[in-house]
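# Observations on the model geometry
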Amino acid sequence: MSSSSSVVYEGWMVRYGRRKIGRSFVHTRYFVLEPRMLSYYKRKPQHKADKVGWKLPIKSLPIDGNCRVEDRGLKMHHGHMLYVLCVYNKREKHNRITMAAFNIQEALIWKEKIEMVIDQQQGAAQSDGNRAISSSQQKASLENGRKSSSSDHESLYSNEEEEEEEENQRSLLRRTTIGNGPPESLYDWTRENDLGISNQGSPDQVFSRGHWRLVRCQNGLRIFEELQDVDYLARSCSRAMKAVGVVEASCEAIFQLVMSMDTTRFEWDCSFQYGSLVEEVDGHTAILYHRLQLDWFPMVVWPRDLCYVRYWRRNDDGSYVVLFQSREHPNCGPQPGFVRAHIESGGFNISPLKSRNGRIRTQVQHLMQIDLKGWGVGYVPSFQQHCLLHMLNSVAGLREWFSQSDESQVLPRIPVMVNMTPSASSKKGRKAQENTTQTSLPMDPSRHSTVLEEESDEDDEFLIPESEQEPSTREDAENVKQPDHIDLSGFSGNLRRDDRDNSRDCWRISDGNNFRVRSKNFVYDKSKVPAGKPLMELVAVDWFKDTKRMDHVARRKGCAVQVAAEKGLFTLAINLQVPGTTNYSMVFYFVTKKLVPNSLLQRFVDGDDEFRNSRFKLIPSVPKGSWIVRQSVGSTPCLLGKAVDITYVRGANYLEIDVDIGSSTVANGVLGLVCGVITTLVVDMAFLVQGNTYEELPERLIGAVRMSHIELSSAIVPVLED
């Protein structure tokens, strides 16, 4: 939050829309919410109490009691799902702001904050109106000589209460999710039981707890069977069954995991084999294709797949409802080798529970009534029941997934979705497809088209020229180009450089794209991208040995650090110290022309040791070596300052980083394993400064190196100055 008292909430969000050609676009923008205004900027403004120095926003929307926050639901952009909100004035609907987030929690916070400001403005307007009415009523009373009776006063107060109740009702309607009604003929089973979210006494609530019978407890779940007359069902279609369990996680985290159709789903849903998007109908409704992984005599029974409509909504109490029902679609016909099963009704009901001992608790219900089809299936009751329980066990999978996942590593993102619709289809074919879809699906097409038209109106405003980049992007571009102009003559180390693939006892510069680092939007969706070209140039490598540990090797006369200083260059020397009967040091010299002021690298070089230890990161990899070594080293990024002892030596034109690998018992054990077979290994290492905030991202490598089949005997004893 800003120090400015006039700012209610601020932060980076995503501008989402569609161009006139129909393709979606996203732009990251900095949004600022004030008591009477919502604005967004291309860059983060410098906040001051008097607002002097603020740059003009790209767009602003005055906030008053007539504004509304429309929930557009989930939209897809290049396989990533965004949670979209649209803020508009009901009297001027052409003036609006569409904002989105890869993180559903962040979008909901913005929705709550904006609605709070709207309520405040609405309350202020009502207070002014009430005062005006009260004044006029008092004047009329005096003019009439106070002839009004007590019944008149009662009528007056009654009218005021009715007006207040009507206004509260309008406010309640405004808070209700727009478009939260499911498509016609989609069976909403969550409104027909009181185990989860009920209709709170609505007239159509005719079912009760007694219509569900507990049939078993399995994997810590309660499994219920519906007690209804199902004689009309096919023999291959069983009664509706549902699993009910408690998961120690937030509703948002569970919802995002349930909506996933990527590789994450394999970790908690044992019945999942493959899933893809057939069509995005609107932000709350989509057509999906799903292949089931059923382990009941797979050599005899054909595999099953599904084509179904998935609808979701978020209720006012913070719960989520996800509904399934089979549909036919022209882009998802029968698949060779699969039997198309039919979902009569199904989905998830995710509702919050009171926390216990400070731990978040959520009740998850998974209901499924499915016809698995296929000849002979109805004559084997065990097949139907086994497969149904196999699918319902996903609730236990969710519970175990969260119980075994570190909360800091749970990805708060909306999942990636593979699009099944052919991208190369013609415009005419797409138009015909849309017409066919709207005819075959009982949904409201006008709502879908309205959304597209509204998003298209603001298109031209956000077509930012590619030449306009963020400051950090331009600074990184300068750093990328600087090494190309560095004079590499005069640099030397005792370990030779050899760029051939089969060379031994040498080093070479590793391709930065072999390493994945945090992307620009990592704070929103935890995504990573190939690192690309490093910020600094690796000019030399030294391989030393001695009877004692070698510290501050930059003071060695004639080393690469001193050569770089004579050329007016800055050097970052990384000294990996390997302890033992004979102490070894592998020293890497990275150089650049200059440090960009206020860049993350400059702040790391000139920062204190605590800041450096919290940011200096190593990404290792063993592309060639024995299996046990590759598993021991791994490829997970490691903050070296939190794993081992590091000494920093800041010179006039250099920073030396002495990393004592022997200070960690675990690292020392791995190192002992590596040193025994080092001549058979090819090791990649990338060094970087970790970026934590949006301004510090994307991450850029300091440098990357590949060490090939290093010989211990090639190390030399250095001559260090006293």
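The following refers to the structure shown. Predicted model, so just to flag it, every value in this text is computed and none were measured.

## Topic: helix α3 (residues 251-258)
- Burial within α3 is extensive, with 8 of its 8 residues counted as buried.
- Here α3 has its buried residues at Cys251, Glu252, Ala253, Ile254, Phe255, Gln256, Leu257 and Val258.

## Considerations on the pairing of strand β11 (residues 272-280)
- Most of β11 sits inside the fold, with 7 of its 9 residues counted as buried.
- Bridge count between β11 and strand β12 (residues 285-292): 7 bridges; the pairing is antiparallel. Residue pairing for β12: serine 276 is matched across the bridge by tyrosine 289.
- Where β11 folds back on β12, the antiparallel hairpin that results is connected by 4 residues.

## Details of helix α5 (residues 394-403)
- Among the 10 residues that make up α5, 7 are buried, leaving the element largely enclosed by the rest of the structure.
- For α5, the full list of buried residues reads Ser394, Val395, Ala396, Gly397, Leu398, Trp401 and Phe402.

## So, unusual backbone geometry
- The omega torsion across leucine 697 and proline 698 is 0 degrees, close enough to zero to call that bond cis.
- Relative to the helices and strands, proline 698 is located in the loop between β28 (682-689) and β29 (701-708).
- Here the phi dihedral of asparagine 219 falls at roughly 55 degrees; this positive angle occurs in a residue that is not glycine.
- Among the structural elements, asparagine 219 can be located in the loop between β8 (212-218) and β9 (221-226).
- Asparagine 219 sits in the partly exposed class, given a relative accessible area of 44%.
- Even without being glycine, asparagine 357 reaches a positive phi, approximately 55 degrees.
- Mapping asparagine 357 onto the fold places it in the loop between β16 (342-356) and β17 (359-371).
- Of the residues examined, asparagine 357 reaches a relative accessible area of 76% and is grouped as exposed.

## Focus on the packing of α3 against α5
- Orientation of α3 relative to α5, taken along the N-to-C sense of each, is 120 degrees, at an axis distance of 12 Å. The angle between the axes of α3 and α5 places the two elements in the oblique class. When the axes of α3 and α5 are compared, the crossing they make is right-handed. Contacts from Ala253, Ile254, Leu257 and Val258 of α3 reach α5 at Leu398, Trp401 and Phe402.
- Of the residues in the contact of α3 with α5, the class split is 7 nonpolar, no polar and no charged.

## Quick notes on the nonpolar core
- The biggest cluster of nonpolar side chains holds 74 residues, and the ones touching the most others in it are Leu38, Met99, Trp110, Ile114, Ile254, Ile370 and Leu398.
- For this core, the element with the most residues is helix α1 (residues 104-143), which contributes 7 residues.
- When residues no more than four places from it in sequence are discounted, the contact partners of isoleucine 254 are Val247, Ala249, Ile350, Thr362, Val364, Leu398 and Phe402.
- By size, the runner-up hydrophobic cluster in this structure holds 45 residues, among which are Leu495, Trp543, Met586 and Phe616.

## Quick look at the sheet that holds strand β22 (residues 570-578)
- Strand order in the open sheet formed by 5 strands is β21-β23-β22-β27-β26, and the pairing between neighbours is mixed. The outermost strands of the open sheet, each flanked by one partner alone, are β21 (537-546) and β26 (645-650). Geometrically, the sheet is characterised by an average inter-axis angle of 15 degrees between neighbouring strands, direction not taken into account.
- Direction of pairing for β22 relative to strand β23 (residues 583-592): antiparallel, over a ladder of 9 bridges. Looking at the pairing, threonine 571 lines up with valine 591 of β23.

Parameters and conventions
Residues numbered from 1 in each chain as written. Predicted model: local features only at pLDDT ≥ 70, side-chain atom pairs only at ≥ 80, totals over all residues. Heavy atoms only, no water. Buried < 20%, exposed > 50% of the residue type's maximum accessible area, 1.4 Å probe, protein only. Helix = DSSP H or I, 4+ residues; strand = E, 2+ residues; numbered from the N terminus. Pairing = 2+ DSSP bridges. Axes fitted to C-alpha atoms, helices over the stretch in contact; angles between N-to-C directions. Parallel < 35°, antiparallel > 145°, perpendicular 65-115°, else oblique. Left-handed = near helix turned anticlockwise from the far one by under 90°. Contact = heavy atoms within 4.5 Å. Nonpolar A, V, L, I, M, F, W, Y, C, P; charged D, E, K, R; others polar. Core = buried A, V, L, I, M, F, W, Y, C linked by side-chain atoms within 4.5 Å.

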